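Here is what each chain is made of, one letter per residue.
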Amino acid sequence: MNNNFDQRHINDMKQGAIGLAALAICCLAKSEGVLAELTPISDRELEQVQGQAMIAIDQLAGMNQQFTRITMGMDIGVQTNVDAVVLGDDGVASDLAVSQLSLGHISQDDTKIQLDGQAYAIGDIVPFEAENPYFELAEVDGEVVGLRVGFGQARGTLSGDISSLSGNLGLQLNDGAGNLSQAVLYDDSTTATNYRATHIGLADAATDCATGVQCSALSNLQTLDVGVDNGDGTVGFTDDLFLSFQKQAVDWQNLAGDQIINANPGVFVNIPTSMTLDLQTLQNGIPRARTEYIDRGMGLF
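Definitions and cut-offs
- Residues numbered from 1 in each chain as written.
- Predicted model: local features only at pLDDT ≥ 70, side-chain atom pairs only at ≥ 80, totals over all residues.
- Heavy atoms only, no water.
- Pairing = 2+ DSSP bridges.
- Helix = DSSP H or I, 4+ residues; strand = E, 2+ residues; numbered from the N terminus.
- Salt bridge = Lys/Arg side-chain N within 4 Å of Asp/Glu carboxyl O.
- Buried < 20%, exposed > 50% of the residue type's maximum accessible area, 1.4 Å probe, protein only.
- 1 Å grid on protein atoms, 1.4 Å probe; cavity = no way out; pocket = protein on both sides within 12 Å on 5 of 7 lines; lining within 4 Å.
- Points joined across faces, edges and corners; volume = space filled by probe spheres on them.
- Nonpolar A, V, L, I, M, F, W, Y, C, P; charged D, E, K, R; others polar.
- Axes fitted to C-alpha atoms, helices over the stretch in contact; angles between N-to-C directions.

Observations concerning the pairing of strand β9 (residues 143–164)
Thinking step 1. Relative to β9, strand β5 (residues 96–103) runs antiparallel, the two sharing five bridges. Looking at β9, one finds that serine 102 is bridged to serine 159.
Thinking step 2. Sheet analysis places strand β8 (residues 128–140) next to β9, joined by eleven bridges and oriented antiparallel. When the sheet's bridge partners are listed, leucine 137 is paired in β9 with leucine 147.

If you want it as structure tokens, here you go:
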């Protein structure tokens, strides 16, 4: 690993940590001061008091790293748009590149049941819901080697034009014979990879991303349903959505602590979806949900 690579991702990690620290400070700053007389309470009264800290700090031991996770106890519902997200760029390619990224969308059909099981009036915002945002540091011998940003619970639509992705995209494919399997990330030469992938397709010898056989460009999937399939057309919350930065390979733990997610050096994004696609839908693509109120001629309206 060269020094430019190290410095680039150290800067990414610092910016992420500073941004989240600023968020926590802003949230705390909104608390209004209260003037009141302090009076003691008995042990019996204290036993009846329940509460939860706004910020929780947990230290976790892993096989190869030590982890410190800082969780903020807040709920978020947003519909937000970002022109472009480019991370881990070395002048040749990027670990992650998404243009017109959006979380949440705008209802276009008041009869459609949305991911949360509710119907929304046309023009209403269908928010991306998140609870308990956290950031986590991975350390080896006292040195920070990784930073992870994620949510304790998340559900909603994620839209964007994905041209490069390093990480995992949880998506099931139906091969047409009723067999379900986890979709595989590929490069444009149909080599399976979770580093700067550009395509997604079936894990099969006949898959050919160059000709579009059982494979599609990631940019063809314009809107993804983040969450867990409830089996009834609605989507439950997932605890596995995160973005991380590593100076070296890190074995992140899922929040339940019963699974390891291996992230290689660089940028890594873990996107669990509730979606199962047949091959025809994969090749035809998934249209983008409406994410803007004004038609700027960019396919976002």
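Description of the pattern of salt bridges
Thinking step 1. Per the counting criterion, the structure on display carries six salt bridges.
Thinking step 2. The salt bridge partner of arginine 196 is aspartate 90, with a shortest N-O separation of 3.1 Å. With a gap of 106 residues between them, arginine 196 in the loop between β12 (184–186) and β13 (199–201) and aspartate 90 in the loop between β4 (80–87) and β5 connect regions that are remote in the sequence.
Thinking step 3. A relative accessible area of 38% means that aspartate 90 is categorised as partly exposed.
Thinking step 4. A salt bridge links glutamate 129 to arginine 155; the shortest N-O distance between them is 2.9 Å. With glutamate 129 in strand β8 and arginine 155 in strand β9, the pair connects residues that are 26 residues apart, well separated along the chain.
Thinking step 5. A relative accessible area of 21% means that glutamate 129 is categorised as partly exposed.
Thinking step 6. The network of salt bridges with common partners includes Arg69, Glu136 and Arg148.

Quick notes on empty space enclosed by the protein
Thinking step 1. Enumeration over the complete set of coordinates arrives at two cavities of 30 Å³ or more.
Thinking step 2. Put simply, the largest cavity is a space of about 60 Å³.
Thinking step 3. Forming the walls of the largest cavity are Asp95, Ser166, Gly167, Asn194, Tyr195, Asn262, Ala263, Asn264, Pro265, Gly266, Val267 and Phe268.
Thinking step 4. Where the lining of the largest cavity is concerned, the elements lending two or more residues are β20 (260–263) and β21 (266–278).
Thinking step 5. Here the element with the most residues in the lining of the largest cavity is β21; it accounts for three residues.
Thinking step 6. If you add up the space inside the second largest cavity, you get close to 50 Å³.
Thinking step 7. Together, His105, Leu115, Asp116, Val126, Pro127, Glu129, Arg155, Gly156 and Thr157 line the second largest cavity.
Thinking step 8. Considering every element that reaches the lining of the second largest cavity, the biggest residue donor is β9, with three residues.
Thinking step 9. Considered class by class, the residues forming the lining of the second largest cavity number three nonpolar, three polar and three charged.

Here we look at the sheet that holds β13
Thinking step 1. Strand order in this open sheet of three strands is β12-β13-β14, and the pairing throughout is antiparallel. Since the sheet does not close on itself, it has two edges, and those belong to β12 and β14 (215–217), each with one partner. Taken over all neighbouring pairs, the strand axes of this sheet differ in orientation by 30° on average, direction set aside.
Thinking step 2. Here β12 pairs with β13 via three bridges, running antiparallel. In the sheet register, leucine 185 faces β13, and the bridge partner there is isoleucine 200.

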